[in-house]
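Residues per chain, in single letters:
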Amino acid sequence: MDEPTAVTLPSGHQLTCDTCDGAVFEQHHWKLQTTGMTFMNLDWANRDAACFVCVACRRIHWFHL
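Residues numbered from 1 in each chain as written. Predicted model: local features only at pLDDT ≥ 70, side-chain atom pairs only at ≥ 80, totals over all residues. Heavy atoms only, no water.

Quick look at the overall build of the protein chain
Heads up, the condition is: Counting from the N terminus, the helices are the DSSP runs of H or I reaching at least four residues and the strands are the DSSP runs of E reaching at least two. A 1.4 Å probe rolled over the protein chains alone gives each residue an accessible area, and that area as a share of the maximum for its type sets the label: buried under 20%, exposed over 50%, partly exposed in between. The contact criterion used is simple: two residues touch if any of their non-hydrogen atoms lie within 4.5 Å. For every accessible area listed, the method is Shrake-Rupley and the probe measures 1.4 Å; residues are considered covered only by the protein chains on display.
A count of helices and strands for the protein chain gives one helix and three strands. The order of α-helices and β-strands along the protein chain, N terminus first, is β-α-β-β. Evaluated residue by residue, the protein chain yields a buried proportion of 23% over its 65 residues. Partitioning the intrachain contacts of the protein chain with sequence separation of at least 6 by distance along the chain shows that 38% fall at a separation of at least 24. About 4,700 Å² of surface is accessible on the protein chain, with carbon and sulfur atoms providing 56% of the total.

Focus on the packing of aromatic side chains
Which entries qualify depends on this criterion: Aromatic contacts are taken between Phe, Tyr and Trp rings whose centres are within 6.5 Å, Trp giving its six-membered ring; a plane angle under 30 degrees counts as stacked, one over 60 as edge-to-face, and the others as tilted.
In this structure the tally under the stated criterion is one aromatic pair. Relative to Phe 63, the ring of Phe 52 has its centre 5.8 Å away and its plane inclined at 70°; by these criteria the two rings are edge-to-face. Of the two residues, Phe 52 is situated in strand S2 (residues 48-54) and Phe 63 in strand S3 (residues 60-64); the sequence distance between them amounts to eleven residues. Since its relative accessible area comes to 10%, Phe 52 is described here as buried. By relative accessible area, which is 32% here, Phe 63 ends up partly exposed.

Next comes the structure, spelled out in structure tokens:
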């Protein structure tokens, strides 16, 4: 986990929270699990998502990498 910070999107806009309009986020990377890959015990092969957690209200914003 990185230190909470403002996030600039690839479009150049700053990310703001949909719930509280906060602009400071913790960044995490989480696995996107699928039933098929779990069934075959291949969870490690699933893709990652970049997740930004608003420090003000704790809402999670998910982005597929």
